[in-house]
Amino acid sequence: MSNVFEPEVDTDIAWCPGCGNFSIHQILLKTLSELKIKQQKLVLVSGIGQAAKTPQYINSNYFNGLHGRALPVATAVKSCNPELTVIAISGDGCVYGEGGNHFIHAIRRNPDITCIVHNNMVYGLTKGQASPTSRKGFISSLQISGVYSEPFNPLAVAISLNASFVARAYSADEKQTIEVLKIAIKHRGFSLVDIFQPCVSFNKLNTYKWYKENTYYLDDSHDPGNKVEAFKKAVENEKYPLGIFYTNTDNLPFEKHLPVYKDSNEPMYKRNVDSDKLAELMKNMKKN
Amino acid sequence: MNSIQLNNDMSIVISGEAGQGLQSIEQIMSNLAISSGYNVFTYSEFMSRIRGGNNSTEIRISSKRITSYVDRIDIFIPMCKGAMFRFKGRIAKETIIIGDVSHIDEMYKDAYRIIYIPLLKIMKELGGNTYINSLIIGFISNLLGSTFDSAIKTIEKRFKNFGEEIINNNMEAVKTGFELSCEIIEADKFCIQIEKTEDVKNNLILYGYEAIGLGAIAGGCNFISSYPMSPSTGVFTFLAKNAETFGIIVEQAEDEISAINMGLGAWYAGGRAMVTTSGGGFALMAEALSLAGAIESPMVIHIGQRPGPATGMPTRTEQGDFLTALYSGHGEFPRIIFAPGDKEDGIRLTHQAFNMADKFQTPVIILTDQYFMDSSNNMNDFGITGLKAEKYFEITDDKYARYKFMGNGISPRGIPDHGRGIVRVDSDEHDENGYLTEDFNVRKNMVNKRIKKMESIKQETIPPAQSGSNHYKYAVVCWGSVRNTAEEAIAAIARNDIACFSFTQLYPLYNGTADLLKSAEKLIIIENNATSQFGTFIKQETGIEFDHKILKYNGMPFSVEEITAEINKALLKE
Ligand SMILES: Cc1ncc(C[n+]2csc(CCOP(=O)(O)OP(=O)(O)O)c2C)c(N)n1
Ligand code: SF4
């Protein structure tokens, strides 16, 4: 069966052979197809980086913006047209480093979007510097004697902020990752899917072998509704759990708070200025 | 003391501390003034603090339409101790000082015209200092010939959401103030003669921030994301207040970077977005301004200027950010810069900013300043409801290419899910379909395409507003909020050989500029900055240099007297 999201042209993909980005790309194509999203209704928003090139290789609407700034754009796209499925997709440097402030506040706002982070614990595009998620001791051309800063823990941060949906996946596990992504995209509210992704060119510490040895899947005994347990899992670092850590449907999505959708679901582009109301406003301002 | 007579144009300055309610005095007084049939202008200047300090408001009332700030003070009302020292140069022998004996500095007490009123005693009787503004309102409203009823009505409206006690005490204060001034008038100490006109009664009183807000609504703004920063925040709150009525999405962003990126996301999805900020916030938006250039997105950016560098003077005024508006954003791409002079310009140009941004797929910057934002005057509504929000996006088909090469560089703008096409926008250099490319030829063609749009933009530039003589020897140039003050000064100079050109579009520069200026023998430029940024730019564009520069950069706007004197000085220097 053909997949409408398959790239229409034979593009020259800019990733290194063996890179985890290829698997994530395939996973996403399958997920989108299985979800039967209408092609026109999908918008991919990315920042800048190797991961952020993913939308180039998908036949979809996209907004490939600035490094770090995918989430504000995605939030606005969704709020101007809630009928769209909006996925922000970028690297760990982009979302957690340059865009760290937006990451925090997008979670607080809780727009109904999915945020996919290709977490390779390194800056790929700029050739191998440390990222916010690099482990301590990670040596690079800039961090010559190794990273000494505490790694950023996106899942713990997201759970502490009552994020709507928090999951971690691994790029080499296609089946499980498709499952998680399908649930995440269907979930109403902000969904974070942090995907461990080996960078074969610049991360010689967190390799395919390392991920295999240092991850395990959460089993049925984990209750994603339990915030404290989810947080405990998020801070585990002997071995890193994979799967759905936390879900919370208490908070309305951002768009649902907007008064513009109180009486009508019509997207903003269909709307016009009500000149009668403008006349009335002028009249009222006069009476002041 | 002999009877004091004020004719046709009166300037009242009320000076007090933050928290004493100067703003309500200003707003209520200007409403009462127009309902009595007077023209009114107000400007408030204040310190960057919430309590204490010294703030003041100037209320100018006239038989003619007035829209600018004057140094002259006809009536000065201090509302607390220490309310006078900042006005030393402006309080003249002719100024009438009205106030409590304890609020009036010693140096004025013998030689100046003072009407004492026992403010403190009355306040004590009323039960507290909080009612001082209502008392002043009662007092001035009578001087202005308002009826007691209309003064009371305005106060009732103002405090309608407060408890009964507060309303009653305020009423009492108004009444006391009103009676006080009756006594003064009856004792024949005072006589104000300002001709009334019926036609102002139906006017609006508009602040600059309201003008920008109204223009945005008329331009179809339905999305505003910003981060609070004086003096631009008024636009944000005005749109928030009207958001439900007009269907506007309003979001306080976590920073200015987020604010403008949200704005671009909104335009991409078919919204009409603006951001409002000041110089410091705009600096944070620079990369996204360039993104707007790259992805050819419309964007409307309002900058309320204040003195820099850095935090500068947060509540003061300056025209110091023209060059940053012009050059900010890396790379080469078109933009448009407007600088409204009066409130009507504010409405029209903001409305037009939305249409131009959409039509040319480019950012439009509106430059105002604290003086523009926080001053108000009466005006008629000139049929604002006739202004139309023009939409330029199109329905796409399956062959759609976002950056299709067109003769004029303007490709049809599609938006997601409006038609069958796929809409790809990319901050990397891209091909016609929006795919990232490193092809040198495509790159060159894309640069040309973006630059080409400037030709169409240039065909729609707005000429400067001209006042004064048509056969001029002297040409005075100003831009933005200096407009009204300069025009009033030139009218006062009353020579038949001088003209004033007020630019409301700064970039691209009106193409007839050189023709307008080169016929003058002497060129004068007035700017509220230290380095004559616009003058420098005009020279760069036309080769024409100004003979005389009138510059002010202490944080305050120009006054009519100042410009008058400076122009006269320049003319003498022949
Ligand atoms: C404002 C800005 N600063 C820096 C860069 C350079 N830059 C591009 S991608 C990148 C980091 C990429 O790392 P990550 O987001 O983890 O993505 P990856 O390439 O590893 O997929 C940097 C620093 C940029 N494009 N913009
Ligand atoms: S640099 Fe690393 S992340 Fe980027 S494509 Fe190559 S392997 Fe993948």
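Residues numbered from 1 in each chain as written. Chains lettered and ligands numbered in written order. Predicted model: local features only at pLDDT ≥ 70, side-chain atom pairs only at ≥ 80, totals over all residues. Heavy atoms only, no water.

**Student:** Honestly, the sheet that holds strand S5 (residues 75–78) of chain B in this entry has me stumped. Any pointers?
**Tutor:** Where strands meet in a sheet, backbone hydrogen bonds hold them as pairs that are either parallel or antiparallel. Residues and elements named next belong to chain B. Reading across from one edge, S7-S6-S5-S2-S4-S3-S16-S9 is the order of the 8 strands in this open sheet, with mixed pairing throughout. Both edges of this open sheet fall to strand S7 (113–116) and strand S9 (204–207), since each of them pairs with a single strand only. Ignoring strand direction, the axes of neighbouring strands in this sheet form an average angle of 20°. Bridge count for strand S3 (residues 39–45) against strand S16 (residues 375–379) is 3 bridges, and the pairing is antiparallel. Counterpart to Phe-41 in the pairing with S16 is Asn-377. (Pairing = 2+ DSSP bridges. Helix = DSSP H or I, 4+ residues; strand = E, 2+ residues; numbered from the N terminus. Axes fitted to C-alpha atoms, helices over the stretch in contact; angles between N-to-C directions.)

**Student:** Looking at this model, I keep getting lost on unusual backbone geometry. Mind explaining?
**Tutor:** Both trends apply: most residues other than glycine have a negative phi, and most peptide bonds are in trans. Residue Pro-231 of chain B is reached from Ser-230 of chain B by a cis peptide bond, and omega for that bond is 0°. Inspection of the secondary structure puts Pro-231 of chain B in the loop between strand S10 (223–226) and helix H7 (233–241). For the peptide bond that leads from Gly-308 of chain B to Pro-309 of chain B, omega is -5°, which places it in the cis range. Backbone geometry at Asn-162 of chain A places phi at a positive 60°, although glycine is not the residue there. Tracing the backbone through its elements, the reader meets Asn-162 of chain A in the loop between helix H5 (154–160) and strand S5 (165–170).

**Student:** Looking at this structure, I do not really get the environment of Thr-385 of chain B. What am I missing?
**Tutor:** In this structure, Thr-385 of chain B sits in the loop between S16 and strand S17 (424–426). Overall, Thr-385 of chain B belongs to the partly exposed group, its relative accessible area being 27%. Residues Thr-385 of chain B and Gly-480 of chain B, spaced 95 residues apart in sequence, show a C-alpha to C-alpha distance of 24 Å. Residues in contact with Thr-385 of chain B, not counting those within four places in the same chain, are Ser-275, Leu-278 and Ala-279 of chain A. (Buried < 20%, exposed > 50% of the residue type's maximum accessible area, 1.4 Å probe, protein only. Contact = heavy atoms within 4.5 Å.)

**Student:** Would you mind showing me how to read the pattern of salt bridges here?
**Tutor:** A side chain with one charge can pair with a side chain of the opposite charge if their charged atoms come near. Residue and element names in this part refer to chain B. Scanning all chains against the criterion turns up 48 salt bridges over all chains. The partner of Arg-90 in a salt bridge is Asp-71, with the nearest N and O atoms 3.9 Å apart. In this pair, Arg-90 sits in the loop between S5 and strand S6 (96–99) while Asp-71 sits in the loop between strand S4 (52–62) and S5, placing the two residues 19 residues apart along the sequence. Note that Arg-413 and Asp-358 form a salt bridge whose closest N and O atoms lie 3.0 Å from each other. Of this pair, Arg-413 sits in the loop between S16 and S17 while Asp-358 sits in helix H13 (residues 343–360), placing them 55 residues apart in sequence. Assigned by exposure class, Arg-413 and Asp-358 land together as buried. (Salt bridge = Lys/Arg side-chain N within 4 Å of Asp/Glu carboxyl O.)

**Student:** Please explain the pairing of S5 of chain A as it appears in this structure.
**Tutor:** Side-chain positions along a regular strand alternate between the two faces of the sheet. Residue and element names in this part refer to chain A. The buried fraction of S5 is high, at 6 of 6 residues. Alternating residues of S5 divide into Phe-165, Ala-167 and Ala-169 and Val-166, Arg-168 and Tyr-170, and every residue in both groups is buried. Relative to strand S6 (residues 191–196), S5 is paired through 6 bridges, and the arrangement is parallel. The residue bridging Ala-169 from the neighbouring strand is Ile-195, located in S6. As a crossover connection, the stretch from S5 through helix H6 (residues 174–186) into S6 is right-handed. Where S5 and strand S8 (residues 240–247) come together, 4 bridges link them in antiparallel fashion. (Right-handed = clockwise from strand over helix to strand, strands pointing away.)

**Student:** Teacher, can you tell me more about the packing of aromatic side chains here?
**Tutor:** One pair of aromatic rings is described through two measures. These are the centre distance and the angle between the planes. A complete count under the given rule lists 29 aromatic pairs over all chains for this structure. Look at Trp-15 of chain A and Tyr-57 of chain A: their rings are 5.0 Å apart centre to centre, the planes differ by 85°, and that puts the pair in the edge-to-face class. In this pair, Trp-15 of chain A is assigned in the segment before helix H1 (20–35) and Tyr-57 of chain A in the loop between strand S1 (42–46) and strand S2 (61–64), connecting sequence segments 42 residues apart. The burial state of Trp-15 of chain A is the same as that of Tyr-57 of chain A; both residues are buried. Ring geometry for Phe-41 of chain B versus Tyr-371 of chain B: centroids 6.5 Å apart, planes at 55°, classification tilted. With Phe-41 of chain B in strand S3 and Tyr-371 of chain B in helix H14 (residues 370–373), this residue pair connects regions lying 330 residues apart in the sequence. (Phe/Tyr/Trp six-rings, centres within 6.5 Å; stacked < 30°, edge-to-face > 60°.)

**Student:** Where do I start with the site of ligand 1 in this structure?
**Tutor:** The environment of ligand 1 is made up of 17 residues, and the closest members are Gln-50, Ala-51, Gly-93, Cys-94 and Gly-124 of chain A. The environment of ligand 1 is shared, with nearby residues belonging to chains A and B. In this structure, an oxygen atom belonging to ligand 1 sits 2.8 Å away from a main-chain N or O atom of Gln-50 of chain A. A distance of 3.0 Å is found between an oxygen atom of ligand 1 and a side-chain nitrogen or oxygen belonging to Asn-120 of chain A. Protein contact buries 79% of the 590 Å² of open area that ligand 1 shows by itself. In terms of residues, the shell around ligand 1 owes the most to one element, helix H3 (residues 92–98) of chain A, which gives 4 residues. (Near = heavy atom within 4 Å. Polar contact = N/O pair within 3.5 Å; in protein donor to acceptor, adjacent residues only side chain to side chain. Areas by Shrake-Rupley, 256 points an atom, 1.4 Å probe, with all protein chains shown as cover.)

**Student:** Sorry, what's going on with the site of ligand 2 here?
**Tutor:** In the vicinity of ligand 2, the contacting residues are Trp-15, Cys-16, Cys-19, Asn-21, Gln-50, Asn-120, Gln-197, Cys-199, Val-200, Ser-201 and Phe-202 of chain A. Of the residues contributing to the shell around ligand 2, the split by class is 6 nonpolar, 5 polar and no charged. (Nonpolar A, V, L, I, M, F, W, Y, C, P; charged D, E, K, R; others polar.)

**Student:** Whenever I open this one, the domain arrangement of chain B confuses me. Can you help?
**Tutor:** By a frequent convention, interface size equals the accessible area lost on bringing the separate parts together. All names here are of chain B. Parsing chain B into structural domains produces domain 1 (4–201), domain 2 (205–379), domain 3 (393–458) and domain 4 (465–572). Computed over C-alpha atoms, the centres of domain 2 and domain 3 are 25 Å apart. Residue-level contacts link 19 residues of domain 2 with 22 residues of domain 3. Interface of domain 2 and domain 3: buried area, both sides summed, is about 1,800 Å²; carbon and sulfur atoms make up 58% of it. It is Tyr-268, Glu-296 and Phe-360 in domain 2 that bury the most area against domain 3; as a group they hold 35% of the surface buried on that side. On inspection of domain 2 and its partner domain 3, the count reaches 3 salt bridges. Applying the counting criterion to the domain 2 and domain 3 interface returns 11 residue pairs in polar contact (both at pLDDT 80 or more). (Domains from an automatic or database assignment. Buried area = accessible area lost by both parts, 1.4 Å probe.)

**Student:** What is the right way to read the sheet that holds strand S4 (residues 114–119) of chain A from this model?
**Tutor:** A sheet is described by the order of its strands in space; here 9 strands give the open sequence S7(A)-S8(A)-S5(A)-S6(A)-S4(A)-S3(A)-S1(A)-S2(A)-S17(B), paired in mixed fashion. Only two strands of the sheet have a single partner each, and these edge strands are strand S7 (215–217) of chain A together with S17 of chain B. The mean angle between the axes of side-by-side strands here comes to 20°, regardless of whether they run parallel or antiparallel. Across the sheet, H6 of chain A is in contact with strand S3 (85–91), S4, S5, S6, S7 and S8 of chain A; its angle to S5 of chain A comes to roughly 160°.

**Student:** What's the story with the environment of Val-200 of chain B in this structure? I'm lost.
**Tutor:** All names here are of chain B. Looking at where Val-200 falls in the secondary structure, it is placed in the loop between strand S8 (190–193) and S9. With 311 residues separating them in the primary sequence, Val-200 and Asn-511 have C-alpha atoms 37 Å apart. Residues in contact with Val-200, not counting those within four places in the same chain, are Ile-34, Gly-37, Tyr-38, Asn-39 and Asn-378.

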